[in-house]
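# Close look at the chain arrangement
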Amino acid sequence: MNVNGKTLCRYILPATGGLCVTYLYNVVDGIFVGQGVGAAALGAVNLAVPFITSVVAIAAMFPMGGATVVAIRMGRGDQEGANRAFMTAFALTLLASVALMLVGMCFAQEIADLSGAARLSGGMRTMAADYLFYYTAFSVPMLMSTCLSVFVRNDGSPALSFVGMGVGAVANIFLDWLFIFPLEMGVVGAAIASGLGQVASVLVLLTHFLRKKGRLRFCRFPVDPALIGKLCKRGLPEAVSQLNTPVTALCYNLVLANLMGDLGVSTFSVLSYLSSLANAILSSVAQGLQPLWGNCYGRRDTEGLRRLFRSGLAVNLAASAVIWGLLCLFDRPIIQVFSPDADLVRTAAGALPLFSLSFLPMALNLVCTAFLFSTKRTLPASVIAVSRGIVVKALAIFALPALLGSGAIWSAPLAAEALTLLLASLLLRSSRLVYR
């Protein structure tokens, strides 16, 4: 494969668009809820984030692990093996989505309380449970749209992957406006709008397979425990990496509920929406490069792997610097998009520059993690992902306010990402590339 700027753009840009669109479902909900219902509702929606995104992160193990296996097998010319990996990942994602739907709908209030709602006002607590109930009712299309998008992109149609996610986003925006403003359905309307948008996305993405546009097909397949284990192993670092969002949200909700009450949780809600969009842009560079890395690995092209890795680092670092600069320059106008509440705007604008500085080391950590697991170095990739997504991040959020005062709460992501980057540098130098 001739890897040049055009090839990079062909894979990275649709991945960026598709992943941004995925995160936009929650961001658009936040904007309409904040403007149409109020700042308390904005915080209520954020209380549902830890559970929803935790399950989404765990379920991401299957399509991302499957995509890695599919890319490597296609690079070797093993079409039948690639299709078995695709169908196995598809079936596992479907099972995970059904489990999410049942648990979320049956225990909505209990889950919201565990996320910090029990320590907040009654109105925010009730809205959090309502949003969680109706959002998880659409778990099947929510997880399947992400799964299908990954495989459509890996099967040679990155543009259709982006179009499918884009159609869902447009539907979500229109339905958010309809349900929240004219119909006055509040947070329930926002949750239903997101679900129906995901349905539209799935319908578009299915056309790739129904029209047989690529090499992957829906078909019967044997249940292979060894293959299931391989998919989980290959996808584990990505799943753990995505756990960064729910772990951060849960820890912040618990700490801020004690430090600042409803205002603190609502402030973090705005910051987390901005962080999720930044994460989408920066993660998409790694995801867009994943099929290229997989093909190079399958062909034992060491020099191609190195060039792609350096390109990924450069692109992501530049993108993170631009994002941070824009957020610092237009902090108040951006925050006012979510809510006009004066106290919320003042608090969030004060926290945003330091909070978003973490995007720079995060950009490099994401590329390092994806590169390692795409080249079958799962253990070091998992160590990096666990460090930045769970262990170091949680410790920083709880420890810094206790040691340095409540104002240090917003520097926790920067401290965690910087320490993880140091660890990633050491692991990259010590882990040897082996073809197997």
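Residues numbered from 1 in each chain as written. Predicted model: local features only at pLDDT ≥ 70, side-chain atom pairs only at ≥ 80, totals over all residues. Heavy atoms only, no water.

As recorded by an unreviewed UniProt entry, the chain carries the name Multidrug export protein MepA and is attributed to Candidatus Intestinimonas pullistercoris. Here the chain is described in UniProt, under the heading Sequence similarities (unreviewed entry), as follows: "Belongs to the multi antimicrobial extrusion (MATE) (TC 2.A.66.1) family. MepA subfamily." You can read under Subcellular location (unreviewed entry) in the UniProt record for the chain the words "Cell membrane". (UniProt positions renumbered as here; feature names shortened; annotations may be inferred.)

Attention now goes to the pattern of salt bridges. In this structure the tally under the stated criterion is five salt bridges. A salt bridge links Arg-346 to Asp-343, with the nearest nitrogen and oxygen atoms 3.1 Å apart. Here Arg-346 and its partner Asp-343 are both found in helix H16 (residues 342-356), three residues apart, which amounts to about one turn of the helix. Here Asp-343 falls in the partly exposed class, since its relative accessible area comes to 39%. In this structure, the salt-bridge partner of Glu-417 is Lys-393, at a minimum N-O distance of 3.9 Å. Pair noted here: Glu-417 is in helix H19 (residues 412-430) and Lys-393 is in helix H18 (residues 378-404), with a separation of 24 residues, a long-range link. (Salt bridge = Lys/Arg side-chain N within 4 Å of Asp/Glu carboxyl O. Helix = DSSP H or I, 4+ residues; strand = E, 2+ residues; numbered from the N terminus. Buried < 20%, exposed > 50% of the residue type's maximum accessible area, 1.4 Å probe, protein only.)

In this section: the layout of surface pockets. By volume, the largest pocket is sized at about 180 Å³. Leu-274, Leu-277, Ala-278, Ile-281, Ile-323, Leu-326, Leu-327 and Ile-334 are the residues that line the largest pocket. Those elements giving two or more residues to the lining of the largest pocket turn out to be helix H13 (262-298) and helix H14 (302-329). With four residues, the top contributor of residues to the lining of the largest pocket is H13. Of the residues in the lining of the largest pocket, the class split is eight nonpolar, no polar and no charged. (1 Å grid on protein atoms, 1.4 Å probe; cavity = no way out; pocket = protein on both sides within 12 Å on 5 of 7 lines; lining within 4 Å. Points joined across faces, edges and corners; volume = space filled by probe spheres on them. Nonpolar A, V, L, I, M, F, W, Y, C, P; charged D, E, K, R; others polar.)

Its 15 residues place the ends of H16 21 Å apart at the C-alpha level, agreeing with the 21 Å of an ideal helix rising 1.5 Å per residue. At Gly-350, H16 shows its strongest bend, of approximately 30°, with the proline Pro-353 following within four residues. (Expected span 1.5 Å × (residues − 1). Bend = angle between axes of the 7 residues up to and from the residue.)

The nonpolar side chains of a soluble globular protein tend to be buried with one another. Core analysis: the largest hydrophobic core is formed by 99 residues, its most contacted members being Ile-52, Val-70, Tyr-131, Phe-151, Tyr-252 and Trp-410. With nine residues, the top contributor of residues to this core is helix H5 (residues 79-106). When sequence neighbours within four positions are dropped, the list of residues in contact with Trp-410 reads Tyr-252, Leu-256, Met-260, Thr-267, Phe-268, Leu-271, Ala-351, Leu-354 and Phe-355. Core analysis: the next-biggest nonpolar cluster, separate from the first, contains 24 residues, Met-64, Ile-72, Leu-292 and Ala-381 among them. (Core = buried A, V, L, I, M, F, W, Y, C linked by side-chain atoms within 4.5 Å. Contact = heavy atoms within 4.5 Å.)

This next bit is on a positive patch on the surface. On the surface, Arg-76, Lys-230, Lys-233 and Arg-300 cluster together to form a positively charged patch. Counting through the fold element by element, Arg-300 comes out in the loop between H13 and H14. According to the relative accessible area criterion, Arg-300 is exposed, its value standing at 54%. (Patch = residues over 30% accessible without salt bridge, like charges linked within 9 Å, V, L, I, M, F, W, Y side chains within 5 Å. Areas by Shrake-Rupley, 256 points an atom, 1.4 Å probe, with all protein chains shown as cover. Lys, Arg positive; Asp, Glu negative; His and termini not counted. Charge placed at Lys NZ, Arg CZ, Asp CG, Glu CD.)

Taken N-terminus to C-terminus, the directions of helix H9 (residues 158-180) and helix H10 (residues 186-210) make an angle of 155°; their axes are 7 Å apart at the nearest point. In this view, H9 runs roughly antiparallel relative to H10, as classed from their interaxial angle. As H9 packs across H10, the resulting crossing turns out to be right-handed. Looking at the contact of H9 with H10 residue by residue, the classes come out as 15 nonpolar, 11 polar and one charged. (Axes fitted to C-alpha atoms, helices over the stretch in contact; angles between N-to-C directions. Parallel < 35°, antiparallel > 145°, perpendicular 65-115°, else oblique. Left-handed = near helix turned anticlockwise from the far one by under 90°.)

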